[in-house]
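# Examination of the molecular architecture
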Amino acid sequence: VPIVVALNKIDKAEATDENIQRIFGQLAEHELNPVDWGGDTEVIRTSAIKNEGIQDLIDVLDYQAELLDLKADFGGPAEGTVIEAHLADGHGPVASILVQQGSLQKGDYIVAGRGYGRLRSLTNDHGEQVDSASPSMPMSISGLSEIPDAGDKFYIVKSQKEAEAAAKERILIERQVYLSRDK
């Protein structure tokens, strides 16, 4: 996955060329060689307060999306990734997700890692209850049987029975992997 680095707070007095070169060195230690050094990692210098470099960052992200032909399918059942999850008082397991394909609807049957269930609520990033979500929308969902792990994939299935079977299969696979490890 291509990485674009936003080097923020470039307006500060500490943002000297010497410090920026040191940061480039730290990036290179993690195999993120900056374009300025002949690498392939874009490093965009930004200042959120002064609104500097923001348009450059948007342009680079847009260019990368065009180059990689990143497009989402807005039709069909939703798929995506769990960003984080926790147990919330009065709501049970709640997961923050990012929809990557398809359309997510309140009432859909979902499988997210070991968790499954029927979506009781969809909350957008502004804290508003919504009835549906499309690709690139971060959402907070409730209605899962268990707390999924960050990074788990989620997908929509046709029935509660199908969701439960998929989650149980995932649990079985995780158990087999755990039991096959050296002690």
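Here goes a summary of the coordinates provided. Since the model is a prediction, treat every value here as computed from it, not as a measurement.

Scoring rules and cut-offs
Residues numbered from 1 in each chain as written. Predicted model: local features only at pLDDT ≥ 70, side-chain atom pairs only at ≥ 80, totals over all residues. Heavy atoms only, no water. Helix = DSSP H or I, 4+ residues; strand = E, 2+ residues; numbered from the N terminus. Rg over C-alpha atoms; globule rule 2.2 N^0.38 Å. Contact = heavy atoms within 4.5 Å. Areas by Shrake-Rupley, 256 points an atom, 1.4 Å probe, with all protein chains shown as cover. Lys, Arg positive; Asp, Glu negative; His and termini not counted. Charge placed at Lys NZ, Arg CZ, Asp CG, Glu CD. Buried < 20%, exposed > 50% of the residue type's maximum accessible area, 1.4 Å probe, protein only. Core = buried A, V, L, I, M, F, W, Y, C linked by side-chain atoms within 4.5 Å. Patch = residues over 30% accessible without salt bridge, like charges linked within 9 Å, V, L, I, M, F, W, Y side chains within 5 Å. Salt bridge = Lys/Arg side-chain N within 4 Å of Asp/Glu carboxyl O. Polar contact = N/O pair within 3.5 Å; in protein donor to acceptor, adjacent residues only side chain to side chain. Expected span 1.5 Å × (residues − 1).

Turning our eyes to something else, we now look at the overall build of the protein chain. Tallying secondary structure elements over the protein chain gives three helices and eleven strands in all. In sequence order, the secondary structure elements of the protein chain are arranged as β-α-β-α-β-β-β-β-β-β-β-β-β-α. Over its C-alpha trace the protein chain gives a radius of gyration of 21 Å, far above what one expects of a compact globule, namely 16 Å for 183 residues. Reported as C-alpha extents along the three principal axes, the dimensions of the protein chain are approximately 60 × 45 × 35 Å. Sequence separation of at least 24 residues holds for 63% of the intrachain contacts in the protein chain that already meet a minimum separation of 6. Taken as a whole, the protein chain presents about 11,900 Å² of accessible surface, with 51% of it coming from carbon and sulfur. Across the protein chain, the centroid of the 18 positively charged side chains sits 10 Å from that of the 31 negatively charged ones.

Let us look at the environment of Asp131. Considering the arrangement of structural elements, one finds Asp131 in the loop between strand S8 (129-130) and strand S9 (132-133). Under the relative-accessibility criterion, Asp131 is labelled exposed at 56%. When the C-alpha positions of Asp131 and Gly107 are compared, they lie 8.7 Å apart, and in sequence the two are 24 residues distant. When near neighbours in sequence (up to four residues on either side) are disregarded, Asp131 contacts Leu104, Gln105, Lys106 and Leu122.

So, about the nonpolar core. Judged by nonpolar contacts, the single largest core of 17 residues is most densely connected at Ile97, Val99, Leu104, Ile110, Leu122, Ile141 and Phe154. Broken down by secondary-structure element, the contributors of at least two residues to this core are strand S4 (92-101), strand S6 (109-112), strand S7 (115-124), strand S10 (138-144) and strand S11 (153-157). The contact partners of Leu104, leaving out residues within four places of it in the chain, are Ala78, Ile97, Val99, Leu119, Leu122, Asp131, Ser132, Ala133, Ile141, Phe154 and Ile156. Ile20, Phe24, Leu32 and Val43 belong to the second-largest nonpolar core, a separate cluster that totals eight residues.

A cluster of nonpolar side chains, Tyr63, Leu67, Leu68 and Leu70, forms an exposed patch at the surface whose accessible area comes to about 440 Å². Mapped onto the secondary structure, Tyr63 falls in helix H2 (residues 54-67).

Once that is clear, we can look at the environment of Thr123. Among the structural elements, Thr123 can be located in strand S7. For Thr123 and Ser142, which are 19 residues apart along the polypeptide, the C-alpha to C-alpha distance reads 8.9 Å. Non-local contacts of Thr123, meaning those with residues more than four positions away in its chain, are made with Glu128, Gln129, Pro138, Met139 and Ser140. A polar contact is formed between the side chain of Thr123 and the side chain of Gln129, at a distance of 3.1 Å.

Bringing helix H3 (residues 160-180) into the picture now. For H3, with 21 residues, the first-to-last C-alpha span of 30 Å sits near the 30 Å given by 1.5 Å per residue. Buried positions along H3 lie against S6, S7 and S11.

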